[in-house]
Amino acid sequence: PAQQAHFKSITEEDGLSHAYISTLFQDSRGFVWIGTIYGLNRYDGYQCKSYLPNQLDPWSLHSNIITAIQEDQNGLLWIGTEDGLVLFDSYSDRMVHLRDLIPEAPFGVTKKIIVDPENNVWCYSRNTQGANLHRIQSTQDVLQAIREGQRPTGFQISPIPLPSPTIRLFFQTTKNTCLIVTGK
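A brief structural summary. Keep in mind it's a predicted model, so treat the numbers as computed, not measured. Throughout, residues of each chain are indexed from 1 in the direction in which the sequence is written. Owing to the predicted nature of the model, reporting of local features is limited to residues with pLDDT of at least 70; listing and counting of side-chain atom pairs is limited to 80 or more, with chain, interface and lining totals taken over all residues. To obtain the side-chain values, all non-hydrogen atoms of the structure were used and water was disregarded.

1. Some words on the overall build of the protein
Applicable threshold: Per the convention used, a helix needs a DSSP run of H or I reaching at least four residues, while a strand needs a run of E reaching at least two, with both numbered from the N terminus. Each residue's exposure class comes from its accessible area (1.4 Å probe, protein chains only) as a fraction of the maximum for that residue type: buried when under 20%, exposed when over 50%, partly exposed otherwise. Each accessible area is a Shrake-Rupley estimate made with a 1.4 Å probe; only the visible protein chains count as cover when residues are assessed. Positive: Lys, Arg. Negative: Asp, Glu. His and the chain ends are not part of the count. We put the charge of a Lys on NZ, of an Arg on CZ, of an Asp on CG and of a Glu on CD.
Counting its secondary structure elements, the protein contains two helices and 14 strands. Each of the three principal axes of the protein carries a C-alpha extent, and together these read 45 × 45 × 30 Å. Out of the 184 residues belonging to the protein, those deemed buried represent 43%. Carbon together with sulfur atoms contributes 49% to the accessible area of the protein, which is approximately 10,200 Å² in total. Each charge class in the protein can be summarised by its mean position, and for the 15 positive and 18 negative side chains these summaries are 7 Å apart.

See the structure below:
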């Protein structure tokens, strides 16, 4: 006999910050991360913990709208927002906005984040100038700095030239290959 599927609805009554969900991701520890138009949520199988912008906390989100979530090999979550990329260490509950550290960091709406086997982070974003693709390399020192309450500095950001200012699709086809579909 076929195994019966079980479903559980997660609502604002369970602590979800908003009912409109824009992205989902399950991390290496089993937590389900839920991006909404009003913050980030961590679901542990029982309840949600919400992460919202807080102007009094420099380690919090700056933007409400979460658009993409991915985890690198160091366990850092890369959070795409309507306002650029955020690194999040879920052990210390600290977030770092890349644009606060590096002016050439991707800005605008983050559409997609891919982490390759060498732990490079590929970020596709859109802003008023069009589509942008960046490769971001970080060191283990980044994680340690965040956990110690310091602003990390170990980043190298490389913009990738695109044949067209419009990206239709950006996705990983194999471990070492990404496909970019451009056009009008």
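What follows continues from the structure just given.
2. Brief notes about the environment of Gln73
The line we're drawing: Contacts are assigned to residue pairs with any non-hydrogen atoms lying within 4.5 Å of each other. Counted as a polar contact is a pair of N or O atoms within 3.5 Å, where, for protein atoms, one must be capable of donating a hydrogen and the other of accepting one, and residues adjacent in sequence contribute only when both atoms are in side chains.
Relative to the elements of secondary structure, Gln73 occurs in the loop between β5 (66–71) and β6 (77–81). Look at Gln73 and you get exposed, because its relative accessible area is 52%. It is 9.4 Å that separates the C-alpha atoms of Gln73 and Asn120, two residues lying 47 residues apart in sequence. Leave out the neighbours within four places in its chain, and Gln73 touches Asp116, Pro117, Glu118 and Asn119. Only 2.9 Å separates the side chain of Gln73 from the backbone oxygen of Pro117, close enough to count as a polar contact.

3. Details of the nonpolar core
The nonpolar side chains of soluble globular proteins are, as a tendency, buried together. Here is the rule we go by: Here, nonpolar core means buried Ala, Val, Leu, Ile, Met, Phe, Trp, Tyr and Cys residues that are tied together by side-chain atoms lying within 4.5 Å of each other.
Counting residues in each nonpolar core, the largest one holds 20 residues, and the members touching the most others are Trp78, Leu87, Leu98, Ile136 and Phe155. Among the secondary structure elements, those contributing two or more residues to this core are β7 (84–89), β9 (109–115), β10 (121–127), α2 (140–147) and β12 (155–159). Residue contributions to this core peak at three residues, all from α2. When neighbours within four sequence positions are excluded, Phe155 is seen to be in contact with Trp78, Leu87, Leu98, Leu101, Ile102, Ile136, Gln137, Ser138 and Val142.

4. Regarding unusual backbone geometry
Notably, Asp93 is not glycine yet its phi reads approximately 60°, a positive angle. Within the secondary structure, Asp93 sits in the loop between β7 and β8 (94–97). Residue class for Asp93 comes out partly exposed when judged on its relative accessible area of 28%.

5. Some words on the sheet that holds strand β3 (residues 39–43)
Convention followed: By definition, two strands form a pair when at least two bridges between them are found by DSSP. Here, axes are lines fitted to C-alpha atoms. For helices the fit covers the stretch in contact, and angles between N-to-C directions go from 0 to 180 degrees.
In space, the four strands of this open sheet follow the order β1-β2-β3-β4, with antiparallel pairing throughout. Edge positions in the sheet fall to β1 (21–26) and β4 (48–51), since each of these pairs with one other strand and no more. Strand-to-strand twist across the sheet, computed as the mean angle between neighbouring axes with direction ignored, equals 20°. Two elements, strand β2 (residues 32–36) and β3, share five bridges in a ladder whose sense is antiparallel. Residue pairing for β3: Trp33 is matched across the bridge by Arg42.

6. Here's the deal with the sheet that holds β5
Taken together, the four strands give an open sheet; going across it, the order is β5-β6-β7-β8, and neighbouring strands pair in antiparallel fashion. Strands with a single pairing partner mark the edges of an open sheet, and in this sheet they are β5 and β8. Between one strand and the next, the sheet's axes are offset by a mean angle of 25°, whatever the strand orientation. Note that β5 and β6 share five bridges and pair antiparallel. Residue pairing across strands places Ile69 opposite Ile79, the latter belonging to β6.

7. Focus: the side chain of Ser60
Here Ser60 is to be found in the loop between β4 and β5. Within polar-contact distance, the side chain of Ser60 engages the backbone oxygen of Asp57 at 3.0 Å. For Ser60, the residues in contact, after removing those within four places along its chain, are Leu52, Pro53, Asn54, Met95 and His97.

8. Regarding the side chain of Asp116
Cut-off, in case you're wondering: Whenever a carboxyl oxygen of Asp or Glu lies within 4 Å of a side-chain nitrogen of Lys or Arg, that contact is scored as a salt bridge.
Within the secondary structure layout, Asp116 lies in the loop between β9 and β10. For Asp116, which is buried and forms no salt bridge, the nearest opposite charge comes from Arg135, at a distance of 6.6 Å. Among the polar contacts made by the side chain of Asp116, one reaches the main-chain amide nitrogen of Asn120 at a distance of 2.9 Å.

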